[in-house]
Every structure is written in structure tokens, then in C-alpha cells.
Amino acid sequence: MKKLFCLFAIVLFSLNVFSQKVFTRNGHISFFSEAPLENIEANNYQVTSIIDLEKKELVFSLLMKGFEFEKALMQEHFNEKYVESDQYPKSTFTGSYTCNDKIDLKKDGLYQVNVTGSLEIHGVTKEVETTGTLEVKNGEVISNAVFVVAVADYNIKIPSVVKDNIAKEIEITVNATYKAM
Amino acid sequence: MLRLLFLILLTLSFFPSFAQDDLMDLLESQEEERTDFTTATFKTTRIINSHSVETLPHGEMNFIIGHRFGRVNSGIGDMFGLDNATIRLGFEYGVIDDLTIGIGRSSNQKIYDGFLKYKLLKQSSGKKNMPVSLTLFSNIAITTIKFTPQQQDYPTSTRLYYSYQILLARKFNKNLSIQLSPTLVHRNLVETREDVNDVFLLGAGGRYKITNSLSVNGEYFFIFPNQIESPVAGEEVKNMWALGIDLETGGHIFQLQFTNSRGMVEKTFLTESTGRLFGKNQEGNTTLMGEFHFGFNINRIFTIVKRKS
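Along each chain, residue indices are assigned from 1 in the same order as the chain's sequence is written. Chain A is the first chain written and ligand 1 is the first ligand written, with later ones labelled in order. The model is predicted, so local features are restricted to residues of pLDDT at least 70 and side-chain atom pairs to those at 80 or more, both for listing and for counting; the totals for chains, interfaces and linings are taken over all residues. Note: side-chain values were computed over all heavy atoms of the structure, leaving out hydrogens and water.

**Some details on the overall build of chain B**
Segments assigned H or I by DSSP are reported as helices when at least four residues long, segments assigned E as strands when at least two residues long, and all are numbered from the N terminus. Along chain B, the regular secondary structure elements total 3 helices and 16 strands. Radius of gyration here is computed from C-alpha atoms only, and the compact-globule reference equals 2.2 Å multiplied by the residue count raised to the power 0.38. Whereas a compact globule of 309 residues would reach a radius of gyration of roughly 19 Å, chain B reaches 26 Å, over 25% beyond that. A principal-axis box enclosing the C-alpha atoms of chain B has dimensions of 110 × 45 × 35 Å. Residue burial is assigned from relative accessible area. The probe radius is 1.4 Å, only protein chains are included, and a residue is buried under 20% of its type maximum, exposed over 50%, and partly exposed in between. Counting across all 309 residues of chain B, residues that qualify as buried make up 45%. Put simply, of all contacts in chain B between residues at least 6 apart along the chain, 59% involve residues at least 24 apart. Carbon and sulfur atoms form 62% of the exposed surface of chain B, whose accessible area is close to 15700 Å². A contact between two residues is defined here by any heavy atoms of the two lying within 4.5 Å. For the accessible areas, the method is Shrake-Rupley and the probe is 1.4 Å, while residue cover comes only from the protein chains on display.

**Structural notes on the overall build of chain A**
The helix and strand tally for chain A stands at 2 helices and 9 strands. Going from N to C terminus, chain A has its helices and strands arranged as α-β-β-β-β-α-β-β-β-β-β. Here chain A, with 181 residues, has 49% of them falling under the buried criterion. Within chain A, residue pairs in contact and separated by at least 24 positions form 60% of the contacts whose partners lie at least 6 positions apart. Surface exposure of chain A reaches about 9400 Å², of which carbon and sulfur atoms provide 54%.

**Structural notes on the sheet that holds strand β2 (residues 60-71) of chain B**
All names here are of chain B. Here, strands pair whenever DSSP counts at least two bridges between them. Ordered by their spatial adjacency, 12 strands build a closed barrel running β2-β3-β4-β5-β7-β8-β9-β10-β11-β12-β13-β16, and the pairing between neighbours is antiparallel. Each strand of the sheet is rotated relative to its neighbour by a mean of 20 degrees, with strand direction disregarded. Bridging between strand β7 (residues 133-143) and strand β8 (residues 160-171) involves 10 bridges; their strand directions are antiparallel. Residue Asn139 lies in a different strand from β8, and its bridge partner there is Ser163. As a rule, the C-alpha atoms of each element are fitted with a line to give its axis, helices using only the stretch in contact, and angles between N-to-C directions run from 0 to 180 degrees.

**Regarding a nonpolar patch on the surface**
Residues and elements named next belong to chain B. A contiguous nonpolar patch, built from Val95, Ile96, Ile101, Leu116, Tyr118, Leu120, Leu136 and Ile166 and spanning about 650 Å² of accessible area, is present on the exposed surface. Every element with two or more residues in the nonpolar patch is listed here: β3 (86-96) and β5 (111-121). Looking at the nonpolar patch, the element that brings in the most residues is β5, giving 3 residues. Of note, Val95 is situated in strand β3. The residues that make up patches have over 30% relative accessible area and no salt bridge, and they are joined within 9 Å when like-charged or within 5 Å when they are Val, Leu, Ile, Met, Phe, Trp or Tyr. By definition, a salt bridge exists where a carboxyl oxygen of Asp or Glu is found within 4 Å of a side-chain nitrogen of Lys or Arg.

**Some details on the nonpolar core**
The nonpolar side chains of soluble globular proteins are, as a tendency, buried together. Side-chain atoms within 4.5 Å are what join buried Ala, Val, Leu, Ile, Met, Phe, Trp, Tyr and Cys residues into a set we call a nonpolar core. Within the largest apolar cluster, 45 residues are counted, with the highest numbers of intra-cluster contacts made by A:Phe67 and A:Tyr97. A:Phe67 has contacts with A:Ile29, A:Phe31, A:Ala42, A:Asn43, A:Asn44, A:Leu62, A:Gln75 and A:Phe78, leaving out every residue within four places of it along the chain. Counting residues in hydrophobic clusters, the runner-up holds 19 residues, among them B:Phe115, B:Phe221, B:Ile223 and B:Phe269.

**Notes on the confidence of the model for chain B**
Confidence scores labelled pLDDT are given residue by residue by the predictor and lie between 0 and 100. When pLDDT is averaged across chain B, the result is 91; 93% of the residues are at 70 or more. We note a pTM of 0.86 for the whole complex and an ipTM of 0.81 for its interfaces.

**What about the packing of aromatic side chains?**
Residue and element names in this part refer to chain B. Each Phe, Tyr or Trp ring (for Trp, its six-membered ring) is paired with any other whose centre lies within 6.5 Å, and the angle between the two planes then decides the class: stacked below 30 degrees, edge-to-face above 60, tilted in between. For the coordinates displayed, the defined rule picks out 15 aromatic pairs over all chains. Aromatic pair Phe63 and Phe91: ring centres 4.8 Å apart, planes at 20 degrees, arrangement stacked. Here Phe63, found in strand β2, pairs with Phe91, found in strand β3; they are 28 residues apart in sequence, far enough to count as distant. The class for Phe91 is partly exposed, based on a relative accessible area of 38%. Taking the centre distance of 6.0 Å and the plane angle of 50 degrees together, the rings of Phe69 and Phe296 count as tilted. Taken as a pair, Phe69 in strand β2 and Phe296 in strand β16 (residues 293-303) lie far apart in primary sequence, 227 residues in all. Residue Phe69 is classed as buried on the basis of its relative accessible area, which comes to 10%. Through a chain of ring-to-ring contacts, the aromatic side chains of Phe69, Trp241, Phe258, Phe292, Phe294 and Phe296 assemble into a single cluster.

**Topic: the pairing of strand β9 (residues 169-180) of chain A**
Note on strand geometry: in a regular strand, side chains alternate between the two faces of the sheet. All names here are of chain A. Here strand β1 (residues 21-34) runs beside β9; their pairing, made up of 7 bridges, is antiparallel. Considered in β9, the bridge of Ile29 is made with Val174. Pairing analysis gives 10 bridges linking strand β8 (residues 140-150) to β9, with the strands arranged antiparallel. Across the sheet, Phe147 pairs through a bridge with Ile172, a residue of β9.

**Section: the environment of B:Gln151**
Residues and elements named next belong to chain B. Examined against the element boundaries, Gln151 turns out to sit in the loop between β7 and β8. By relative accessible area, which is 25% here, Gln151 ends up partly exposed. Remark: the alpha-carbon pair of Gln151 and Leu288, spanning 137 residues in sequence, is separated by 37 Å.

**Side note on unusual backbone geometry**
At A:Lys56, a residue that is not glycine, the phi angle is positive and equals roughly 60 degrees. With respect to the helices and strands, A:Lys56 occurs in the loop between β2 (39-52) and β3 (57-63).

**A few points about empty space enclosed by the protein**
All names here are of chain B. Definitions used throughout: a 1 Å grid over protein atoms alone; a cavity as a set of points that fits a 1.4 Å probe which cannot get out; a pocket as an open set with protein on both sides within 12 Å along at least five of seven lines; a lining residue as one with an atom within 4 Å of a point. Grid points are joined across faces, edges and corners, and a volume is the space filled by probe spheres set on the points. What the rule picks out here adds up to 4 cavities of 30 Å³ or more. Empty space within the largest cavity amounts to approximately 70 Å³. Taken together, Arg46, Ile48, Asn49, Ile64, Gly66, Arg68, Arg88, Met264 and Asn297 make up the lining of the largest cavity. Under the scheme applied, nonpolar residues are Ala, Val, Leu, Ile, Met, Phe, Trp, Tyr, Cys and Pro; charged residues are Asp, Glu, Lys and Arg; polar residues are all the others, including Gly. In the lining of the largest cavity, the residues fall into 3 nonpolar, 3 polar and 3 charged.

**Regarding a negative patch on the surface**
Residues and elements named next belong to chain B. Neither His nor the chain termini are counted; the positive set is Lys and Arg, and the negative set is Asp and Glu. Lysine's charge is taken at NZ, arginine's at CZ, aspartate's at CG and glutamate's at CD. Judged by side-chain charge, Asp21, Asp22, Asp25 and Glu28 come together as a negatively charged surface patch. Position of Asp22 relative to the elements: it lies in helix α2 (residues 20-30). A residue is classified by how much of its surface remains accessible, and Asp22, at 43% relative accessible area, is partly exposed.

The structure is reproduced here in C-alpha cells:
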């Protein structure tokens, strides 16, 4: 009986103790706005993220002020006028993914995943859904995804004077390399 | 006993199954604290007449067209001053993020001016905490208006003026910024022995944002007593004040203001402003004098060197 109990305990604990998590502190998220007058691109190279490969869950977090623009003035307007970074310094994503195969850190491979979750920008949380890939390479995981969000969904107001400078829909690209935690 | 233990273990083992929030907590525990530098304490390099703590980012040029009109009390005949415009054209450039150089030319006294501005401290919070921003400013101005016959023998150095400022500002919240500006204006030549060459002033200014594109700005410079005795164009020198708005559109910032100064260079607006808001009329009663000017600065920002993205 005691042996059986021990076995049970080990099995039960191993489920969460050995859950495989991978982590990054320098993921890359960029966004692109295509409008008649100008295209705007910004990059954030300080994205933190964890993927739990066991539970198929993932979280992302970044500081809005970490986005770097080609023109300093754009960066100032982005933080001051549009996303109001003093008030809403962070953007986060909490979600899960589905994948047909079991992702094994010990074996290189490319996996197609469907991701759903809630994306918070500018204090507004919306459900988003996208497809992406997770790639295992030399014990590291590389995530890739591209999706589109509507600026208006996040209560970000674009004055009519600059409506030809800023797109209504912004393309977001995610690219991060994770190491086991 | 064994059963109880088993039950506890079973319960514990199920906890992490609703663990998305835990994953976010775990992420937050992994994040390193960063320094958050305060941005946009003021919208431009000027509060109104005087310089703000802001420097231009590397590679950006600000082209400023400044106008100050005649006095508002000049009446309908002069369209409340609009018939008498003075202009300053200025170029400023961000050599590096913290160092800005600039030149300008004013129609008032035909002044050429040049300045250097260096941001020494940057307000920040987080890993590195700094309560204020501090910028050092100095400029030189030379008047090129023709000498009068009596001045013919004066050396060129009598036309030179220097100003030095320590600009100290804090952005208290996203709307409110306040600046203190201790200032020294050196004048190579003064009218009389009673006038000092080195004039000390203390300036205060600020802005309050009404919307993300519009702010109300104000500034006042106090001249410490017994420094300037001689009148300018027959009028007593007053402390400079200005009240206005900043209106921002994409690449332009429009600054519209009322001020008691006609000059747009430190030596003129700090030591030669004469407009009175209130004064005694012929009957000896205190009335609103309207001795102030409407004016505007148009700031147009050009990106000369693009940053690597």
C-alpha cells in the first residue's frame, strides 16, 4: 500500500514539477502600419515570454516605451498621443495554443500551432486568434507569428489630420527564441 | 491518515491546471527592473519665449519661425498690433541626443544668435531614479543694427550679449510639467553706471496638457532688484511674462501666445521687455494697459539622420 502511494505521489507531482517551460527576455515584436502618406515600423527587442509546452500555454509581456522607431518624433507621438505609455506602460498577451503533435525539446522539428488568447494594449483587453509556428532547434524553441489588430479596438484615437499617416489596421510580427527554464 | 495525505496531494496536483495567471506571475518574477526615462516634459525646445529642458534627438532639425506683433492696445488702426511684425528665423539641430546647437536671426535690432544646450540629467524612475531633468544652456547674441553717429567709435564687442541658464524641470504627471530657470545675462555695454553688466534672473514656467495635442503654457522671469535702471525706448524694463498654447499636428508644433516682450532672443526678452499689463492712466487710476503682444512660433521638425530600426 505504501509503495503504491509513493508511486501515485511521484506520478502526480511529476505532472507539474516537470512541466516543460521555456523562457526569453529578449523576444522581438514589431508592428507595421501601411498608410497612403507613410509606412511606419517599430521594433521592440525586449519582449519577455514564457511558453509552457506541457500545458500548451503562453504569455508575453512588453513595455510600450521599448518600441524603437526610425524617427524619434514618431516614437514620442506613439508614447505621448496614441498608446499613452505613462498611463498604460505594458502590453501583455495571455493564451494557449493547440498543436497536433507533442512538442519535444529533445527533438528538432517545426510545428504548426493555432494560438488564442487575450491581448491587452492601452488598457483594453481583446481576444485574438492567429496561426504561427514553434520550432525546436538544438534544445531551443523559436516562435513565429503574424497577426493583425484594429487600432480602434484598443481605444486608440487617431486624429483626422493624420489619418493618411497611420493605418487603421496594424500588422504585428512575433519572433522569439526561448531557452528551457 | 494515508488517505488524508493522498487527498491533499491529489488536490495540490490539480492546482496548476488553471495556471495561466500563474504563468504571467512567473513571467513578471523573471522580469528585470528597467530604467524608465521620462519623455516629452515639454512639446518643444521652448516653453514660450525661453528654452525648455528639451533637447532634440540625434539627427533631428527644428526650423522655428517666430513672430511677435505690435502691442494689442495699438487699436484697430494697426489691427491691434498685427501691422507691426518682427520675425526670428531659427534652425536647431540635435548633434547627439543630449546636445543641441542652434542659430537664429531676428529682425528686431537685427540680432544674430547662436546657442548650445546640453542635457546633463534626465528624469527617470525604475532601476535608476532621478526626480528632475537638468539642462545647461548658453547663447551669444550680436546686434547688427547701424550704430548712431555718437556710437561710431565703439568697438564691435559692445554689440555682444551672453546668456547662461540652468534649466531644471520635472514632469509631475502626464499633463503637468514645471520648470525653474536661474539665469544670468551678461551685457558687454550698458547705458549708465547704475546698470549692471551681469543681470541675474529667476524664471519659472510650466505647461498643462488639455488634450494629447494641446497644452496651455506660461512663463515668468523675475529680474532681481537694482540691476536695470535705464529705460528702453523711454519705458521702464519689466519682468517678462508670456501665456500661450502649444498645438501639435503631425510634424508641426504651433505655439500661440501673448507676451509683454517683442524679442525672441534671451537678452531682449529677459532684459528689455517693457510692456505693462496694468498701469496708471492719466487720472491716476490703475487700469488694464494692454501693453502686450500677440505672437506665434511655428516649429517644423525634419528628420535629417534616420535611426537604425
